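Close look at the chain arrangement
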Amino acid sequence: MTAKEVMEISPIVPVIALDNVSDALPLAEALLEGGISLMEITLRTQAGLKSIEAIAKSMPEMHVGAGTVVNAEGFINALNHGSQFVFSPGISQELMSTSKELGVALIPGVATASEVMLAQNNGFTYCKLFPATVAGGVDALKAFSGPFSSMYFCPTGGVKLSNLNDFLALKNVVCVGGSWIVPNEAIKEKNFKSITRLCKEALSSLGSESP
Ligand code: 3PG
């Protein structure tokens, strides 16, 4: 799968941190029921890799990849556990080289013009804008569209129901990422129905004005 294909799967990329592998499958089911077939499972918890593996093994309809991948070791671990793609909060030669060597899509994080140039010059035209609202949000993306007209973004960090349409209205935004759609509380309480509801709420709001 290419980075373009990954970013076109769903307009909303749930950014997930799981503490228990046992929550992985019920969460994947809840997202699918809510209309979202893409998961970015971050490697910031112990359960991250095993959760990716559990979903990759038994839920072929779910596209699952790793997030918070910060070096080659994490990239390789993610791949070995069934990750179909990799998101990173940042960009580095190490990550880009690993992506090319392994032939696995990397969506690197960028926050400045120099980082966008680094991505573009290495052929990575699909990037995360991270941390989106802190890095200038909609205004930064509009500004990037001038000099970097062939670059596309998935703003992540500070995105929520109230601002996602502001981002998705931009020509250079393909999808948005966020954790609001998979609240830790809901996972802890095993309230997966509420996550399905959040997905439906977000998807049905697409294209509308911000509240
Ligand atoms: C993160 O790394 O935590 C993600 O980018 C999500 O950010 P958010 O919690 O603001 O949605």
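One can find the structure itself at the top, above this paragraph.
Residues numbered from 1 in each chain as written. Predicted model: local features only at pLDDT ≥ 70, side-chain atom pairs only at ≥ 80, totals over all residues. Heavy atoms only, no water.

The strand order across the open sheet built from three strands is β6-β7-β8, with neighbouring strands paired in parallel fashion. Each edge of the open sheet carries a strand with a single partner, namely β6 (109-110) and β8 (152-155). Direction of pairing for strand β7 (residues 126-129) relative to β8: parallel, over a ladder of four bridges. Paired with Lys128 across the strands is Cys154, a residue of β8. (Pairing = 2+ DSSP bridges. Helix = DSSP H or I, 4+ residues; strand = E, 2+ residues; numbered from the N terminus.)

Following the criterion strictly, the structure yields four aromatic pairs and no others. Ring geometry for Phe85 and Phe87: centres 5.9 Å apart, planes at 85°, overall edge-to-face. Judged by relative accessible area, Phe87 falls into the buried class, the value being 0%. Here Tyr126 and Tyr152 contribute two aromatic rings whose centre-to-centre distance is 5.2 Å and whose plane-to-plane angle is 20°, an arrangement assigned as stacked. Of this pair, Tyr126 sits in strand β7 while Tyr152 is found in strand β8, placing the two residues 26 residues apart along the sequence. Looking at Tyr152, the relative accessible area reads 28%, which means it is partly exposed. An aromatic cluster is present here, built from Phe144, Phe148 and Phe153 joined pairwise through their rings. (Phe/Tyr/Trp six-rings, centres within 6.5 Å; stacked < 30°, edge-to-face > 60°. Buried < 20%, exposed > 50% of the residue type's maximum accessible area, 1.4 Å probe, protein only.)

Let us now look at the site of the ligand. Taken together, Val15, Arg44, Phe130, Thr156, Gly157, Gly158, Gly178 and Ser179 form the complete shell of residues around the ligand. Arg44 is positioned such that a nitrogen or oxygen atom in its side chain is 2.7 Å from an oxygen atom of the ligand. Gly158 places a main-chain nitrogen or oxygen 2.7 Å from an oxygen atom of the ligand. When the ligand is considered free in solution it has 310 Å² of accessible area, and contact with the protein chains removes 75% of it. (Near = heavy atom within 4 Å. Polar contact = N/O pair within 3.5 Å; in protein donor to acceptor, adjacent residues only side chain to side chain. Areas by Shrake-Rupley, 256 points an atom, 1.4 Å probe, with all protein chains shown as cover.)

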